[in-house]
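A structural walkthrough
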Amino acid sequence: MKTTTLKKLSCIGLAVSMLSGFVACNKNTEEETSSEATTIPDQIETTEDPDANLPYTYGLGKTFHADQPVTYTMFFSDASWYPMVDTWKTEGIFKEIENRTNVTLDIKSYDSGDYMDNITLDINAGNAAYIIPKIYDDSAFVDGGAIVPISDYVDKMPYYTDFYNTYNLADDIKTITRANGKYYKLPGMKEANLINYSFVIRKDIWDAAGVDVVELQKDWDWAEFLDALQKVKKYMVAQGMCSESDYIWSDLWCGNESGQGSGGNLLGVMGSTYEVNAGWNIGNGMRYDQASDKYIFSPTTDNFKQFVTTANSFVAAGILDPETFTQDDATATAKYYSGKTAIMSINQGQWANYEENMTAQLGAGNFENYVITIPVGTTNNSTVAPERLENGVMISQKALDELGEDGFIQMLRFVDWLFYSHEAYDLTKWGIEGVHYDVVDGQKVLKDGFCCGGLGYGNDAEGSMTDIRLQWGYAGGNFWYGGTVAEMTDNLIPPVADYVNRDAEYRDTPPLAPGIAPTADQNEEINLIATPLISNVNSWTLKFITGQEDINAKWDEYVKSCEDLNAQGLVDIYAQLYKGK
Amino acid sequence: MSNLEKSTPEFKVEEIHIHNRKNKIKESTGYKVFTVVNTIIMILIAFATLYPFLYLVSQSFSSKEAIIAGHTSLIPKGFNIDTYIYVIKGQHNNYEFLRYYGNTILYTVIGTVLSLFFSCMLAYPLSKNKLKINRFLSPFVIFTMYFGGGLIANYVLILKLELKDTMWGFILPMLISTYYVILMRSFFMNIPKDLEEAGEIDGLNKFGVFWHIARPLSTPIIATMTLFYAVMYWNNWFNAKLYLQDKKKWPVAYYLQTIIRGGGGASDPDAEQMSANIKSCAMVLTVLPIICVYPFIQRYYVQGMMLGGVKE
């Protein structure tokens, strides 16, 4: 009898809790849908009031300075290859920030590899720092209420507003805006995107093979590029540098290690030139199509077929090593460094590394590297991402709760100075002018005795120079990113600056896709459809490219497999989110 | 009678002899081939298992240039010990690697001693069926094997206890392993009751019975558990990742984990990978004590699992 009563009570209890849960969910949905979406303004009007009696100095062109010493907590992504040491706080970057602003940063650092895990844990446990930098994807945090919707406060930030207005970033910002019309991170903003990934070639071999790459690259397409590579291979075979059965292009960042089964960098770059998502850029496959003014599932388009056909032609011609898509990065670099291959992927940060390793292998003067401008596919657009945004900074709700509205705005104006002022950009990237670097003919150069791996200034053979990044924390990845073109290029060494400039000169800027703002539920649905679908696309793509499947014979079967995995479902969700111009 | 007595053993010897010879004849074809093939396969498997480690050792003594060129094999190329000196000294010449090593030794010693003590303290009463509280306590302990509070709840607990960034934040969350406690409980159950009762008659209290009678009789399980706990503390990096923000308190396993992982691959343009020789060297140094000790204690691993598992 007792048991029956207990059972009944438990059932009633469960029913009540389920019902209340259901009501709570319903209420939430109503709130979500009824709240009127804010719109992102083309220009932000600042609410700066210079006459206000504030306990700090701030404003465009001024250094933020608090009258009384203040301390703000900040998370910090600590890289194991230049780990934070005490000197950063006692005499380095944090000390100098304190000297200039009277703000002490209470750093809560985590190893960069675990950074996102650890700060997610801290934020969810109510232990967030006030300032949370180095955030690429903020979607995990926006619904929890632990992060301030920063778009409500950006009008209080003169440096941010100035950059936003000067370079018309409204459309870019719309790409990170949520369904409620707010955004939650202060993104790194760029005047323009500069190319990062391309291909480095052994120009000495290419020249000897009679390929005038400097002239060709201006408007070459992938077929002309293949012709050039075939000439190079012919020359290498004739010279005994390789045999007919060897491949002269065996790339890195495409295998299982970095390519994540998608073909990585190579297919990402090549796909961009055909206006399709592939490789690292596959995402969920959805891409904005200018011509039809709607979002399409790009992996089943004709452009995608052209792209895989082109990629396959390199394998079929015996140029591109099919092991590219499975091998370790170290295997690929070993082949290029030792002269077995004549082309390989590169990014801005790798030039010095390649040069150093090849000098050790082949000897100085026995090789010449050159970064090419990427061939053209169906478009002359550059392969850079259209959004001019970088990783950004979130501000925790805890800061608002603990500092109060006025204290919070004071902190925001410090953050504004630290992440968006030219003064702080130069400080965090180059150190102190006159102490660590000088400006000579408008160019920043490190003073004698200093080096910096992060800025491309290597140490001498004896290792006698002081690395300003290792010793004092300048040129670290937590602070400087984005900025004007002049700022972004002020440390580029000539060969890198050259290929960046060539890309800007020979190629067009890709158009920005209109922003869409899926709700949390839609995001979940998109992910549910996209995960198996993209896995299928990647698998077929690699089979087509490596020649395991015949593209013409199997294309329809591939498209059908994507349809079976509900590619149309994705298109429908995007159609709901974007109704056209 | 005496003839018969004499003849019997002779017959037996002959039988055994014949039996063995028969076996040998039977084995000579199929079994011999099997043995040879089996041995070859085992050698290959052993080599395949050993190869990565030997390669690692070879890499740690090779020059960076040889590694980049892919010239390393089982014999170091460009032999040098500079990498070891570099790893031990650290980027800032502050011998941080030795500090991490010291931390690991400290955590392992303190953690193992405490774990053993508290595990015994829990397992011993659990082994007494006559204790009524065990009806509640046993399921309560076993429950924790299958269900936990979850990461965030544990994290909040450590935060509220102000254990984050302390040695205790690393040790306490793994102080008692339920599985090991159950193994120990099973072992304690086999200790004869008569001995314990004799101790009580001689005037020992409950703790005295445990300390002077049960503990000395449980040396095999305590030795095995010492090993298990020590290896657990030595290898653990996850608690350090969660609870030790201050780098000065990191154990060597977590330091190793961060340098092996390096940056986030090429997709993170800011990232740089540590040289392969530095990674290999740190791995060899970290695993060395375990490698040295393991051959001598390996049998305890197998025995340990059996010790508490069989109940007479």
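Reading the values: the criteria
Residues numbered from 1 in each chain as written. Chains lettered and ligands numbered in written order. Predicted model: local features only at pLDDT ≥ 70, side-chain atom pairs only at ≥ 80, totals over all residues. Helix = DSSP H or I, 4+ residues; strand = E, 2+ residues; numbered from the N terminus. Rg over C-alpha atoms; globule rule 2.2 N^0.38 Å. Buried ≥ 20, exposed ≤ 12 C-beta atoms within 10 Å, placed from the backbone. Contact = placed C-beta atoms within 7 Å. Core = buried A, V, L, I, M, F, W, Y, C linked by C-beta atoms within 7 Å. Expected span 1.5 Å × (residues − 1). Pairing = 2+ DSSP bridges. Axes fitted to C-alpha atoms, helices over the stretch in contact; angles between N-to-C directions. Domains from an automatic or database assignment. Nonpolar A, V, L, I, M, F, W, Y, C, P; charged D, E, K, R; others polar. pLDDT = per-residue confidence, 0-100. Parallel < 35°, antiparallel > 145°, perpendicular 65-115°, else oblique. Arc of directions from axis to C-beta. Left-handed = near helix turned anticlockwise from the far one by under 90°.

As a further point, take the overall build of chain A. Check the secondary structure of chain A and you find 23 helices and 16 strands. Whereas a compact globule of 581 residues would reach a radius of gyration of roughly 25 Å, chain A reaches 27 Å, a difference of no more than 12%. Put simply, chain A has 581 residues, and 43% of those count as buried. Taking the contacts inside chain A whose residues are at least 6 apart along the sequence as the reference set, 74% of them involve residues at least 24 apart.

Here we come to the nonpolar core. It is characteristic of soluble globular proteins that their nonpolar side chains tend to be buried jointly. Residue and element names in this part refer to chain A. Counting residues in hydrophobic clusters, the biggest one holds 82 residues, and the most contacted among them are Val-232, Ile-248, Trp-249, Phe-307, Met-344 and Leu-570. Of the residues forming this core, the biggest block, nine residues, is contributed by helix H21 (residues 520-546). Not counting residues up to four positions away in its chain, the partners in contact with Phe-307 are Met-270, Gly-271, Tyr-274, Val-276, Ala-278 and Gly-377.

Take helix H6 (residues 134-146) of chain B next. With 13 residues, H6(B) extends 19 Å between its outermost C-alpha atoms, agreeing within 8% with the 18 Å of an ideal straight helix rising 1.5 Å per residue. In terms of burial, H6(B) is a largely surface element, zero of the 13 residues being buried.

To continue, consider the sheet that holds strand S11 (residues 369-372) of chain A. The strands that make up a sheet pair up through hydrogen bonds in the backbone, lying either parallel or antiparallel. All names here are of chain A. Spatial strand order, S10-S7-S11: three strands in an open sheet with antiparallel pairing. Of all strands in the sheet, those with a lone pairing partner are strand S10 (343-346) and S11, marking the two edges. Across the sheet, the mean angle separating the axes of adjacent strands is 35° when strand polarity is ignored. Note: strand S7 (residues 198-202) against S10, four bridges, orientation antiparallel. Along S10, the bridge assignment pairs Val-200 with Met-344.

Moving on to the domain arrangement of chain A. A common way to report how large an interface is uses the accessible area buried once the components associate. Residue and element names in this part refer to chain A. Taken domain by domain, chain A holds domain 1 (56-191 + 389-425) and domain 2 (198-383 + 512-577). Here domain 1 and domain 2 have C-alpha centroids that lie 36 Å from each other. In terms of residues, the side of domain 1 that touches domain 2 owes the most to one element, helix H7 (residues 170-174), which gives three residues. Of the residues in the side of domain 1 that touches domain 2, the class split is one nonpolar, three polar and five charged.

Bringing the interface of chain A and chain B into the picture now. Listed by partner, the interface residues are 33 residues for chain A and 26 residues for chain B. Residue assignment for the side of chain A that touches chain B shows that the elements contributing at least two residues are strand S4 (103-111), helix H4 (115-124), helix H14 (329-337) and helix H15 (351-362) of chain A. Counting residues per element, the side of chain A that touches chain B draws most heavily on H14(A), at five residues. Per-class residue counts for the side of chain A that touches chain B are 13 nonpolar, 17 polar and three charged.

On to the confidence of the model for chain B, then. Residues and elements named next belong to chain B. Summary statistics for chain B give a mean pLDDT of 83 and a share of 84% for residues scoring 70 or more. Least confident of the elements in chain B is helix H1 (residues 2-27), whose mean pLDDT is 49; most confident is helix H8 (residues 167-171), at 95. Counting contacts from residues 263-271, a segment whose pLDDT is below 50, to residues more than four positions away or on other chains yields 22 contacts.

A separate point is the packing of helix H6 (residues 158-166) of chain A against helix H16 (residues 397-420) of chain A. Residues and elements named next belong to chain A. Contact geometry for H6 and H16: axes closest at 7 Å, N-to-C directions at 50°. By the angle between their directions, the pair H6 and H16 is classed as oblique. Taking contact as the criterion, the partners of Pro-158, Tyr-159, Tyr-160 and Phe-163 in H6 are, on H16, Asp-416, Trp-417 and Tyr-420.

Here we take up H15(A). Over its twelve residues, H15(A) extends 16 Å from the first C-alpha to the last, a length consistent with the 16 Å expected when each residue adds 1.5 Å. Where H15(A) is concerned, the buried positions are Trp351(A), Asn357(A) and Met358(A). Buried residues of H15(A) fall within an arc of 140° about the axis and therefore sit on the same side. Tucked inside the fold, the buried residues of H15(A) contact H14, S10 and helix H20 (494-506) of chain A together with helix H3 (64-68) of chain B. Immediately beyond the C-terminal end of H15(A), within one or two residues, lies Gly363(A), with a positive phi of roughly 90°.

All names here are of chain B. Once the domains are mapped, chain B shows domain 1 (2-80) and domain 2 (91-307). Residue-level contacts link seven residues of domain 1 with seven residues of domain 2. At the level of elements, helix H2 (30-60) and H3 are the ones that each hand at least two residues to the side of domain 1 that touches domain 2. Per element, the largest residue contribution to the side of domain 1 that touches domain 2 is four residues, and it comes from H2.

Moving on, we come to the packing of helix H10 (residues 193-201) of chain B against helix H11 (residues 206-217) of chain B. Residue and element names in this part refer to chain B. For the pair H10 and H11, the least separation of the axes is 10 Å and the interaxial angle reads 130°. Of the possible angle classes, the one that applies to H10 and H11 is oblique. When you trace H10 past H11, the crossing you get is right-handed. In this structure, H10 contributes Leu-195, Glu-196, Gly-199 and Glu-200 to the contact, and H11 contributes Gly-208, Val-209, His-212, Ile-213 and Ala-214. Looking at the contact of H10 with H11 residue by residue, the classes come out as four nonpolar, three polar and two charged.

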